Amino acid sequence: MARLKKTVAMVGMMGAGKTAVGTALAAALSVPFVDSDEEIVRAASRSIAEIFERDGEPFFRARESEVLARLLRGPPCILSTGGGAYLAEGNRQLISATGVAVWLRADLDLLWNRVRHKTTRPLLRTANPKETLRALYEARVPFYSEADITVDASPELSIEDMAARVIQALATRPDVLEGEQA
């Protein structure tokens, strides 16, 4: 049985599959799955949209960094991060120092198909959400490309197939995953 030695932080754009693939990955490796956004919501007793509206994005990002630091100090898990979490240099350094960042790289069309009907994305509450997504994508890809591991998403791959791809990539890192993979 494979043993996870470090927390795996799933990074990437909204709609890349961080939560879905992360959940399947955690199940396959028999470790906890933790969603940093859910932890922020629990700590604040408010939705992310409410935090953005009432306190603004800088306040949210500060709380996000605090939650990430706390979770990364805990036992190894699969950690789904918010789409903007990896943009902060301090978060990138912390993740790489204590865990491993896995970028689920998906192209813009796939991301748009996955998020266009969702109302839970505060950054896409604009007059032209597709163009907003494109601008976010172009601004964020250089940061995501600094991740320790990159796994490409594809519309024809199931969630389980993506989780298997991540496990294959993690298996190349004996400091992260040791033993036989399922």
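The model shown is predicted, which means the values in this text are computed figures rather than measured ones.

With respect to the overall build of the chain
Of the regular secondary structure elements, the chain holds eight helices and seven strands. Taking 2.2 N^0.38 as the reference for a compact globule, 182 residues should give roughly 16 Å; the C-alpha atoms of the chain span a radius of gyration of 16 Å, in line with that estimate. Seen through its C-alpha atoms, the chain measures out along the principal axes to roughly 50 × 35 × 25 Å. In the chain, of all internal contacts separated by at least 6 residues, the share reaching a separation of at least 24 is 73%.

Describing the packing of aromatic side chains
This structure, assessed with the given rule, holds two aromatic pairs. Taking the centre distance of 5.0 Å and the plane angle of 45° together, the rings of Phe52 and Phe60 count as tilted. Take Phe52: its relative accessible area is 15%, and that puts it in the buried class. Under the relative-accessibility criterion, Phe60 is labelled buried at 2%. Between the aromatic rings of Trp103 and Tyr144, the centroid separation amounts to 5.9 Å while the plane-to-plane angle is 35°, which identifies the pairing as tilted.

Side note on the side chain of Arg46
For Arg46, the location among the structural elements is in the loop between α2 (36-44) and α3 (48-55). Beyond its immediate sequence surroundings of up to four residues, Arg46 is in contact with Val41, Ile51, Arg54, Asp55 and Phe59.

Let's talk about the environment of Thr81
Tracing the backbone shows Thr81 in the loop between β4 (78-80) and α5 (89-98). Take Thr81: its relative accessible area is 2%, and that puts it in the buried class. The residues contacting Thr81, other than those within four sequence positions of it, are Ala9, Met10, Val11, Lys18, Ser36 and Leu68. A distance of 2.7 Å separates a polar side-chain atom of Thr81 from the backbone oxygen of Met10.

Some words on the sheet that holds strand β6 (residues 149-152)
As summarised here, the arrangement of the five strands in space is β3-β4-β2-β5-β6, forming an open sheet in which the pairing is parallel. What marks the edges here is a single partner per strand, and that holds for β3 (33-35) and β6. Neighbour-to-neighbour, the strand axes of the sheet open up by a mean angle of 25°, direction not taken into account. In terms of strand pairing, strand β2 (residues 7-11) meets β4 through three bridges, oriented parallel. When the sheet's bridge partners are listed, Met10 is paired in β4 with Ser80. Sheet strands touched by α5: β2 and β5 (99-105). Its angle to β5, the strand with the most contacts, is close to 115°.

Notes on the pairing of β2
Among the five residues of β2, five are classified as buried, and the element is accordingly described as predominantly covered. Of the two faces of β2, the one holding Thr7, Ala9 and Val11 and the one holding Val8 and Met10 are both buried throughout.

What about unusual backbone geometry?
Its identity is not glycine, yet Ser30 carries a phi of approximately 55°, on the positive side. Tracing the backbone shows Ser30 in the loop between α1 (18-29) and β3. Backbone geometry places Ser45, a non-glycine residue, at a positive phi of 55°. Structurally, the position occupied by Ser45 is in the loop between α2 and α3. Ser45 sits in the exposed class, given a relative accessible area of 63%.

Considerations on empty space enclosed by the protein
Rolled over the atoms, a probe with the dimensions of a water molecule shows which regions are left empty. In the structure shown here, the tally under the stated rule is one cavity of 30 Å³ or more. As for the largest cavity, its lining consists of Met13, Ala16, Trp103, Leu104, Arg105, Ala106, Leu111, Tyr137, Val141 and Tyr144. For the lining of the largest cavity, the elements supplying multiple residues, two or more each, are β5 and α7 (129-144). Residue classes in the lining of the largest cavity are distributed as nine nonpolar, no polar and one charged.

The rules behind each value
Residues numbered from 1 in each chain as written. Predicted model: local features only at pLDDT ≥ 70, side-chain atom pairs only at ≥ 80, totals over all residues. Heavy atoms only, no water. Helix = DSSP H or I, 4+ residues; strand = E, 2+ residues; numbered from the N terminus. Rg over C-alpha atoms; globule rule 2.2 N^0.38 Å. Contact = heavy atoms within 4.5 Å. Phe/Tyr/Trp six-rings, centres within 6.5 Å; stacked < 30°, edge-to-face > 60°. Buried < 20%, exposed > 50% of the residue type's maximum accessible area, 1.4 Å probe, protein only. Polar contact = N/O pair within 3.5 Å; in protein donor to acceptor, adjacent residues only side chain to side chain. Pairing = 2+ DSSP bridges. Axes fitted to C-alpha atoms, helices over the stretch in contact; angles between N-to-C directions. 1 Å grid on protein atoms, 1.4 Å probe; cavity = no way out; pocket = protein on both sides within 12 Å on 5 of 7 lines; lining within 4 Å. Points joined across faces, edges and corners; volume = space filled by probe spheres on them. Nonpolar A, V, L, I, M, F, W, Y, C, P; charged D, E, K, R; others polar.

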